[in-house]
Amino acid sequence: MDTIGLTGMRKGIVGVQFLFVAFGSTVLVPLLVGLDPATALFTAGLGTFIFHFVTKGKVPIFLGSSFAFIAPIIAASKQWGMPGTLAGLAGVSLVYFVMSALVKWQGRRFLDKLFPPVVIGPVIILIGLTLSGSAVDMAKTDWLLAFVSLITAILVLSLAKGLLKLVPVICGIIVGYTVALCMGKVDLAPVAAAPWFALPSSIASFHLPSFSWEPFLYMIPVAIAPVIEHIGDVYVVGAVAQKDFVKDPGLHRTLLGDGLACLSAALLGGPPVTTYSEVTGAMSITKITYPQVVRISAATAIVFSVIGKLSSLLQSIPSAVLGGIMLLLFGTIAGVGIQNLVQHHVDMNRTRNIIIISVTLTMGIGGAVLSWGSFAISGIGLSAIVGVILNLVLPKEKENEA
């Protein structure tokens, strides 16, 4: 076989491997919020292709299900049902479009002024902590399975090396699922009955989301944190690939591509997508940063999405197994928020910073609700808005605390 053939084969193998790095997180989000995991795989693959088209095929980024929207989707679905929630998720794309236009017009410094670490840090913490009660509720249905999954994920995260270290979620679910099988707590009848090939359920029964203003406005503030995360990830990917993607193809293009991908996911019944740092980590380890390799990952995700038995198998995972993973996952997200504050040297001795962080966290964790008429906004969305407003109105000068 010639060198070109070997190179192509290696790219294909690595592309599939990159998908497995992102696979666990991509299917976990829909499993937790009540969406179809096969649809999430399909929209992740499609969204990645859209992103690469908008960015001229230059940026090696994979888009997968966003954890930032787990709590908002669950809360919104209780108020407006899943059709209304999916319509609300279309509002996420609007935030990306506006930010893309602002970056094109004003540059990144404008976003840094509007959303500094003192605002983004507590919002990320809230994303992790908001569903801590749900994680415990799922785990306590069978503490043994939950702890098996949790301990496995912790061991892989702490002790594993290379690519294995990047898939603690998959490892935890596999071990927990295996134990559940041995205990007779998995019903495989639906898996046996499922067809080998089938369109994802949300796509097979496609219909436009039921639009209403309430969930649309509810979801918009939640998108602030993923947008900031997106900007950071583009810089990280550029460092790994040793290219300046902020200049070429431009940050405005990457934001636009992510926004269009989120819109397509909402219209097709999938969760919002975001840039996946797991795949960036895999690129750093393998030293392979070809964008076409990531597109192979996207194509593989679409192929996997039409395997009916795989979708049925994913939906047979016991809730306790997922709960065990959530115990680690949500705490880890909250830790990222704390890390964001530390890395950006947010001075906790400053009264201004303490006020912003305290009010944001208290309103989010305490369940504050702001309503007028039939509309209400609460949780992460309301807290994010309050944090932004406080940052803009509280004076920065004459801060004399030591």
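These numbers come from a predicted model, not from an experiment.

Novice: Teacher, can you tell me more about the overall build of the protein here?
Specialist: On a plain count of helices and strands, the protein comes out with 19 helices and 4 strands. On C-alpha atoms alone, the protein measures out to a radius of gyration of 21 Å, which is about the 21 Å that the 2.2 N^0.38 rule sets for 402 residues. Based on the C-alpha atoms only, the size of the protein along its principal axes is roughly 65 × 50 × 45 Å. In the protein, buried positions account for 54% of the 402 residues. By sequence separation, contacts in the protein at least 24 residues apart represent 84% of the contacts at least 6 residues apart. Summing over all exposed atoms, the protein offers an accessible surface of approximately 17,500 Å²; the carbon and sulfur share of this is 67%. Side-chain charges in the protein split into 23 positive and 17 negative, and the spacing between the mean points of these groups amounts to 7 Å.

Novice: How should I be thinking about the pattern of salt bridges in this particular structure?
Specialist: Opposite charge on two side chains makes pairing possible when the charged atoms of those side chains draw close. Scanning the model with the defined rule gives 4 salt bridges in all. A salt bridge links Lys-140 to Asp-137; the nearest nitrogen and oxygen atoms lie 3.4 Å apart. Since its relative accessible area comes to 42%, Asp-137 is described here as partly exposed.

Novice: Help me understand helix H8 (residues 168–182), please; the structure alone is not making it clear to me.
Specialist: Spacing of three or four residues puts side chains on the same side of an α-helix, whose turn is 3.6 residues. A rise of 1.5 Å per residue sets the reference length of H8, with its 15 residues, at 21 Å; its end C-alpha atoms lie 21 Å apart and thus fit the reference within 8%. The complete set of buried residues in H8 reads Pro-168, Val-169, Ile-170, Cys-171, Gly-172, Ile-173, Gly-176, Tyr-177 and Ala-180. Positioned one or two residues after H8, Gly-184 has a phi angle of 70°, which is positive.

Novice: Explanation requested: the nonpolar core in the structure shown.
Specialist: A general trend in soluble globular proteins is that nonpolar side chains are found buried together. In this structure, Phe-69 and Phe-115 are the most contacted members of the largest nonpolar core, which totals 112 residues. Ranked by residue count, the leading element in this core is helix H3 (residues 70–106), at 14 residues. Non-local contacts of Phe-115, meaning those with residues more than four positions away in its chain, are made with Met-99, Ile-120, Ile-224, Ile-228 and Val-388.

Novice: Teacher, can you tell me more about the packing of aromatic side chains here?
Specialist: Counted under the stated rule, the structure contains 3 aromatic pairs. Summarising the aromatic geometry, the rings of Trp-143 and Phe-147 are spaced 5.3 Å apart at their centres and angled 25° between planes, so their arrangement reads as stacked. With a gap of 4 residues between them, Trp-143 and Phe-147 both fall in helix H7 (residues 143–159), about one helical turn apart. For Trp-143, a relative accessible area of 36% puts it in the partly exposed group. Over the ring of Trp-196 we find Lys-309, and its NZ or CZ is 5.3 Å from the ring centre.

Novice: In this structure, what is going on with the environment of Ile-154? I would like to understand it.
Specialist: Of note, Ile-154 is situated in helix H7. What makes Ile-154 partly exposed here is its relative accessible area of 35%. In the structure, Ile-154 is positioned 181 residues away from Gly-335 in sequence and 15 Å away in space, judged by C-alpha atoms.

Novice: Got a minute to help me understand unusual backbone geometry in this structure?
Specialist: The bulk of non-glycine residues show a negative phi, and the bulk of peptide bonds are trans. Cis rather than trans, the peptide bond between Asp-248 and Pro-249 has omega equal to 15°. Note that Pro-249 resides in helix H13 (residues 246–268). Phi at Lys-56 is positive, roughly 60°, even though this residue is not glycine. Within the fold, Lys-56 resides in the loop between helix H2 (37–54) and strand E1 (63–65).

Novice: Help me understand the packing of H7 against H8, please; the structure alone is not making it clear to me.
Specialist: Packed helix pairs are specified by the crossing angle of their axes together with the interaxial distance, meaning the distance between the axes. Relative to each other, H7 and H8 sit at 145°, their axes nearing to 8 Å. Crossing geometry of H7 relative to H8 is assigned as right-handed. Contacts from Leu-145, Val-148, Ser-149, Thr-152, Ala-153, Val-156 and Leu-157 in H7 reach Pro-168, Cys-171, Gly-172, Val-175, Gly-176, Val-179 and Ala-180 in H8. Grouping the constituent residues of the contact of H7 with H8 by class yields 10 nonpolar, 4 polar and no charged.

Novice: Please explain the packing of H2 against H13 as it appears in this structure.
Specialist: Contact geometry for H2 and H13: axes closest at 8 Å, N-to-C directions at 150°. By the criterion of interaxial angle, the relationship of H2 to H13 is roughly antiparallel. Between H2 and H13 the crossing geometry is right-handed. Only Arg-253, Thr-254, Leu-256, Gly-257, Asp-258, Leu-260, Ala-261, Ser-264, Ala-265 and Leu-268 of H13 make contact with H2, whose side of the interface consists of Thr-39, Phe-42, Thr-43, Leu-46, Gly-47, Ile-50, Phe-51 and Val-54.

Novice: Explain the side chain of Ser-312 here, please?
Specialist: Summarising the element assignment, Ser-312 is placed in helix H16 (residues 308–315). The exposure class assigned to Ser-312 is buried, which follows from its relative accessible area of 14%. Polar side-chain contacts of Ser-312 include one of 3.3 Å to the backbone nitrogen of Val-191.

Novice: Whenever I open this one, the environment of Ile-354 confuses me. Can you help?
Specialist: In this structure, Ile-354 sits in helix H18 (residues 351–366). Given the relative accessible area of 33%, Ile-354 is considered partly exposed. Put simply, Ile-354 and Val-118 are 236 residues apart on the chain and 8.9 Å apart in space, counted from C-alpha to C-alpha.

Novice: Can you walk me through the side chain of Thr-300 in this structure?
Specialist: Along the chain, Thr-300 falls in helix H15 (residues 291–305). If we ignore the near neighbours within four places in the chain, the residues touching Thr-300 are Val-16 and Leu-19.

Novice: Before we go on, may I ask you to explain the environment of Leu-188 in this structure?
Specialist: Position of Leu-188 among the secondary structure elements: in the loop between H8 and helix H9 (189–193). Placed 120 residues apart in sequence, Leu-188 and Gly-308 show a C-alpha to C-alpha distance of 13 Å. Those residues in contact with Leu-188 that sit more than four places away from it in its chain are Tyr-177 and Leu-181.

Criteria and thresholds
Residues numbered from 1 in each chain as written. Predicted model: local features only at pLDDT ≥ 70, side-chain atom pairs only at ≥ 80, totals over all residues. Heavy atoms only, no water. Helix = DSSP H or I, 4+ residues; strand = E, 2+ residues; numbered from the N terminus. Rg over C-alpha atoms; globule rule 2.2 N^0.38 Å. Buried < 20%, exposed > 50% of the residue type's maximum accessible area, 1.4 Å probe, protein only. Contact = heavy atoms within 4.5 Å. Areas by Shrake-Rupley, 256 points an atom, 1.4 Å probe, with all protein chains shown as cover. Lys, Arg positive; Asp, Glu negative; His and termini not counted. Charge placed at Lys NZ, Arg CZ, Asp CG, Glu CD. Salt bridge = Lys/Arg side-chain N within 4 Å of Asp/Glu carboxyl O. Expected span 1.5 Å × (residues − 1). Core = buried A, V, L, I, M, F, W, Y, C linked by side-chain atoms within 4.5 Å. Phe/Tyr/Trp six-rings, centres within 6.5 Å; stacked < 30°, edge-to-face > 60°. Lys NZ or Arg CZ within 6 Å of the ring centre and 35° of its normal. Axes fitted to C-alpha atoms, helices over the stretch in contact; angles between N-to-C directions. Left-handed = near helix turned anticlockwise from the far one by under 90°. Nonpolar A, V, L, I, M, F, W, Y, C, P; charged D, E, K, R; others polar. Parallel < 35°, antiparallel > 145°, perpendicular 65-115°, else oblique. Polar contact = N/O pair within 3.5 Å; in protein donor to acceptor, adjacent residues only side chain to side chain.

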